[in-house]
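Summary of structural features
Listed below are the residues making up each chain.
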Amino acid sequence: MAGSDRNGVIIIGAGQAGAQAVVSLRAEGYDGPIRLIGDESVPPYQRPPLSKKFLAGEIGFDRVELKPAEFYAQAHCELLLGTRVAAIEREKHVVLTGDGREIGYDKLLIATGSRVREINLPGFDLDGVHYLRTVGDVAEIQAHFKPGARMVVVGGGYIGLEVAAVAKKNGIEVTVLETAERVMARVVDPIVSRFYERIHKEAGVVIRTGVTVAGFEGENNKVTRVVSGEGENFLCDFVVVGVGIIPNTELAQSAGLEVENGIVVDACTRTSDPDICAAGDCTNHPNGVYGRRLRLESVQNAIEQGKTAAAAMTGKDKPYSQVPWFWSDQYDLKLQIAGLSSGYTQAVTRGDPEAGRSFAVFYLKDGVLVSVDAVNRAPEFMMARTLIAQHARLDPARIADETINMKDIAKA
Ligand code: FAD
């Protein structure tokens, strides 16, 4: 696409993928107009620190922002903040904003991310029941951070456990309620779940698994207890709910684009409309490493798809196909996950998860490495990304033998 185009590029969603696309469009040599439209009132920022250092108050917003404010002006990108796109009219090549504007595009990128899954249980709207997705949510949660305050976390996934760790360090009494029989059950093996349950318990966090939350009760419209389906009461001053997210696909769906567990895109992020790409949490995309479609909720995915979309919108094919990776920081522990473990047939441990704070679990599917969870083990994580991409067949005995260097682990 040349810079002489009339309307240029519109990006809907001023988040991780959207901001990356601005950077990459200019890096690809695109010199036409770019408009980045976001419904939040602040410029694009990273979300991972919201449940880590930013929540802990260790860093300010300047360290969370993806780019300094002047970047957008320098990149000749018009930043329309506090602006919601209400509809896409594909025939006319325009987007309609919530405040009644009609803005034309030549190429459109949908990077609308995801939103928290709300739990529609009795008392869900009481004051003191919070979710965590935005900087605004952090401010509301931090307002409760007073030593001795009692917090109940609903959901023992990454975000719930990260919030628990930060709150505990701030002197809060923390109880985590998880419906499944173990924490992080959706994403890690029982070995890793048990390890994190131990770590949190040692830190003084109460972890209750197999508990189904039935509702919230309060006084003067303020939450004071979480009630379980089994009839237990968990007294609290505030609640943080972390029970997953829902991709923001409604705009795409209303515009008649193909949507199925995310906006369906090809490896170059193109949707079923050649003038519209989609990137980030909101997409369902093919992954060449695993030979199937995925919807991922990760920074890596948003960045890489943002780059790929910028290339696609300038007429270049740079297919995105990588080993997915993710991380979680809890206390002094960095959990790094390479690949996807679903369908694994064997889990092999390197290091001792029952003592100490450093180990890795290798997931094999019929002998082939598909995923690694590494706790404070950067070399294992780094090597795993290469080995998974190579579909390496590994000997479990060599994985478990810590005298064998990671670099040599695949040797026969
Ligand atoms: P987002 O960054 O969410 O951006 C989408 C933007 O679009 C949002 O600002 C949204 O408000 C806006 N928008 C939506 N609809 C419209 C509309 N109609 N009009 C205008 N604007 C719209 N990932 C990791 O890899 N590692 C981590 O440790 C990690 N920790 C996380 C911790 C927290 C607390 C959260 C919330 C997420 C975390 N993630 C982590 C996930 C990661 O942040 C997301 O995967 C990533 O932000 C996705 O980028 P995105 O651009 O797709 O969406």
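The written sequence of each chain sets the order in which its residues are numbered from 1. Reporting in this predicted model follows two pLDDT cut-offs: at least 70 for local features of residues, and 80 or more for side-chain atom pairs to be given and counted; totals over whole chains, interfaces and linings ignore these cut-offs and use all residues. Side-chain figures throughout are based on the complete set of non-hydrogen atoms in the structure, without hydrogens or water.

Each α-helix turn comprises 3.6 residues. Residues three or four places apart therefore point the same way. The helix and strand labels rest on DSSP assignments: H or I over at least four residues marks a helix, E over at least two residues marks a strand, and numbering proceeds from the N terminus. Multiplying 1.5 Å by the residue count of a helix minus one yields the expected span of that helix. Its 12 residues place the ends of helix 4 (residues 158-169) 17 Å apart at the C-alpha level, agreeing with the 16 Å of an ideal helix rising 1.5 Å per residue. Taken across its 12 residues, helix 4 has 10 buried, putting it largely inside the fold. For helix 4, every residue scored as buried is listed here: Tyr-158, Gly-160, Leu-161, Glu-162, Val-163, Ala-164, Ala-165, Val-166, Ala-167 and Lys-168. Positive phi shows up at Gly-171, right after helix 4, with a value of about 80 degrees. Remark: exposure states derive from per-residue accessible area (1.4 Å probe, protein chains only) relative to the maximum for the residue type, with buried under 20%, exposed over 50%, and partly exposed in between.

For the rest of this paragraph, the subject is the sheet that holds strand 2 (residues 34-37). Two strands are said to pair when DSSP picks up at least two bridges between them. With parallel pairing, 5 strands are arranged side by side in an open sheet as 3-2-1-7-19. The sheet is open, and its two edges are formed by strand 3 (77-80) and strand 19 (276-278), each paired on a single side. For this sheet, the mean inter-axis angle between neighbouring strands, taken without regard to orientation, is 15 degrees. Where strand 1 (residues 9-12) and strand 2 come together, 4 bridges link them in parallel fashion. Note that in strand 2 the partner of Ile-12 across the bridge is Ile-37. Helix axes are fitted only over the stretch in contact, all axes being lines through C-alpha atoms; the angle between N-to-C directions runs from 0 to 180 degrees.

Note on aromatic pairs: each is described by the distance of the centres and the angle between the planes. Under the pairing criterion, centres of Phe, Tyr and Trp rings, with the six-membered ring standing for Trp, must be within 6.5 Å; the plane angle then separates stacked pairs below 30 degrees from edge-to-face pairs above 60, leaving the rest tilted. Taken as a whole and judged by the stated rule, the model has 10 aromatic pairs. On the numbers, 5.8 Å between centres and 65 degrees between planes, the contact of Tyr-45 with Phe-61 is edge-to-face. Pair noted here: Tyr-45 is in the loop between strand 2 and helix 2 (69-74) and Phe-61 is in the loop between strand 2 and helix 2, with a separation of 16 residues, a long-range link. Residue classification places Phe-61 among the partly exposed positions, given a relative accessible area of 24%. Members of the aromatic cluster, connected to one another through ring pairs, are Tyr-158, Trp-325, Phe-326, Trp-327 and Phe-381.

With respect to the secondary-structure elements, Ser-254 resides in helix 6 (residues 250-254). What makes Ser-254 exposed here is its relative accessible area of 68%. Each C-alpha atom, one on Ser-254 and one on Leu-109, is 15 Å from the other, the two residues being 145 residues apart in sequence.

Take the pattern of salt bridges next. Salt bridge, as applied in this entry: a Lys or Arg side-chain nitrogen positioned within 4 Å of an Asp or Glu carboxyl oxygen. Scanning the model with the defined rule gives 27 salt bridges in all. The salt bridge involving Asp-99 is made with Arg-101; its shortest N-O contact spans 3.0 Å. Taking the relative accessible area as the measure of exposure, Arg-101 reaches 36% and is therefore partly exposed. Put simply, Asp-275 and Lys-107 hold a salt bridge, and the shortest N to O gap is 2.9 Å. With a gap of 168 residues between them, Asp-275 in the loop between strand 18 (263-264) and strand 19 and Lys-107 in strand 7 (residues 107-110) connect regions that are remote in the sequence. Residues participating in the shared-partner salt-bridge network are Arg-350, Arg-377, Glu-380 and Glu-402.

Turning our attention to the sheet that holds strand 14 (residues 222-228). Pairing is antiparallel in the open sheet, where 3 strands are placed in the order 13-14-15. Two strands lie at the open edges of the sheet, namely strand 13 (213-219) and strand 15 (233-235), each paired on one side alone. Adjacent strand axes in the sheet meet at a mean angle of 30 degrees when their direction is disregarded. Bridge count between strand 14 and strand 15: 3 bridges; the pairing is antiparallel. Residue pairing across strands places Arg-225 opposite Leu-235, the latter belonging to strand 15.

For the rest of this paragraph, the subject is the domain arrangement of the protein chain. The domain limits used here are those given by an automatic or database domain assignment. Taken as a whole, the protein chain is organised into domain 1 (9-115 + 246-313), domain 2 (129-243) and domain 3 (332-408). On a C-alpha basis, the centres of domain 1 and domain 3 stand 33 Å from each other. Of the residues lining the interface, 5 residues belong to domain 1; the matching set on domain 3 comes to 7 residues. Put simply, buried area is the surface a 1.4 Å probe can reach on two separate parts but cannot reach once they are joined, added for both. Per-residue buried area on domain 1 facing domain 3 is highest for Val-289, Tyr-290 and Arg-292; these three make up 84% of the total on that side. Under the rule applied, a polar contact is a pair of N or O atoms within 3.5 Å (in protein, one hydrogen donor and one hydrogen acceptor; residues adjacent in sequence only if both atoms are side-chain atoms). Remark: the boundary between domain 1 and domain 3 carries 3 residue pairs in polar contact (both at pLDDT 80 or more). Should any heavy atoms of two residues lie within 4.5 Å, those residues are counted as being in contact.

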